[in-house]
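The primary structure of each chain is shown beneath.
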Amino acid sequence: GEDVEQSLFLSVREGDSSVINCTYTDSSSTYLYWYKQEPGAGLQLLTYIFSNMDMKQDQRLTVLLNKKDKHLSLRIADTQTGDSAIYFCAERVRAGNMLTFGGGTRLMVKP
Amino acid sequence: EAQVTQNPRYLITVTGKKLTVTCSQNMNHEYMSWYRQDPGLGLRQIYYSMNVEVTDKGDVPEGYKVSRKEKRNFPLILESPSPNQTSLYFCASSSPGTSAHNEQFFGPGTRLTVL
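Residues numbered from 1 in each chain as written. Chains lettered and ligands numbered in written order. Predicted model: local features only at pLDDT ≥ 70, side-chain atom pairs only at ≥ 80, totals over all residues. Heavy atoms only, no water.

**Observations concerning the interface of chain A and chain B**
The figure often quoted for interface size is the accessible area lost as the parts come together.
Alright, step 1. Contacts between the two partners involve 21 residues from chain A, matched on the other side by 24 residues from chain B.
Alright, step 2. Roughly 1800 Å² is buried in total at the junction of chain A and chain B, and carbon and sulfur atoms are behind 55% of that figure.
Alright, step 3. At the boundary of chain A and chain B, one finds zero salt bridges.
Alright, step 4. On the surface where chain A and chain B come into contact, there are two residue pairs in polar contact (both at pLDDT 80 or more).
Alright, step 5. At the level of elements, strand 4 (31-37), strand 5 (43-50), strand 9 (85-92) and strand 10 (99-101) of chain A are the ones that each hand at least two residues to the side of chain A that touches chain B.
Alright, step 6. Counting residues per element, the side of chain A that touches chain B draws most heavily on strand 4 of chain A, which supplies four residues.
Alright, step 7. Broken down by class, the residue content of the side of chain A that touches chain B amounts to twelve nonpolar, seven polar and two charged. (Contact = heavy atoms within 4.5 Å. Buried area = accessible area lost by both parts, 1.4 Å probe. Salt bridge = Lys/Arg side-chain N within 4 Å of Asp/Glu carboxyl O. Polar contact = N/O pair within 3.5 Å; in protein donor to acceptor, adjacent residues only side chain to side chain. Helix = DSSP H or I, 4+ residues; strand = E, 2+ residues; numbered from the N terminus. Nonpolar A, V, L, I, M, F, W, Y, C, P; charged D, E, K, R; others polar.)

This is how it looks when you write it as structure tokens:
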């Protein structure tokens, strides 16, 4: 079955790196995603990684995928107060591009 | 501007009073979905639609109905709302032909409270 898990909360200081972790159970995932939800807003796609990749870097964001352990992480370098939000990892497995989401990690950045 | 809109954004209602939350997208997307977001549970899919007149159940469909008569609209219907349907609801759309990673675009959310 499908199950995606994340820790609920992460607190870092401004300028530090943040690492948000996610584990999933379905090895047939094709794409894995990180979405960002700011207060009172919907979800916005932050980045994604195809299942045949190990790493993807996009400016301050680094995504690492360990398929053997079914572990996905999002590293945010030089974290800013504007990065404070809830981050959801999601996997695409099923037909119709339907996603299974983790419970979300609330990132709090202290000045 | 390409977007997904939902109405209403906020709604307080009473048990048993039928309600509809509308969702509309202007990107000509084939796929549309409804999710509910509850603390610690992330987003759970209620229903999805792969095209006009094609709908299917997601993970938590009980107590909900949907219809897809037009490509742009995908209303969510609660025939007899109950307090356990108090939640934050998101509509999303995507198009499989747009890109390989097939990004889903989300509406702003509808916060529903059932008393």
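That covers the picture; the talk isn't over yet.
**So, unusual backbone geometry**
Alright, step 1. A cis geometry characterises the amide bond from Asn7 of chain B onward to Pro8 of chain B, with omega recorded as -5°.
Alright, step 2. Along the chain, Pro8 of chain B turns up in the loop between strand 1 (4-7) and strand 2 (10-13).
Alright, step 3. Phi at Lys70 of chain A is positive, roughly 55°, even though this residue is not glycine.
Alright, step 4. With respect to the helices and strands, Lys70 of chain A occurs in the loop between strand 7 (61-66) and strand 8 (71-76).
Alright, step 5. Phi is positive for Asp78 of chain A, close to 50°, though the residue is something other than glycine.
Alright, step 6. Turning to its location among the elements, Asp78 of chain A is positioned in the loop between strand 8 and strand 9.
Alright, step 7. Judged by relative accessible area, which is 41%, Asp78 of chain A ranks as partly exposed. (Buried < 20%, exposed > 50% of the residue type's maximum accessible area, 1.4 Å probe, protein only.)

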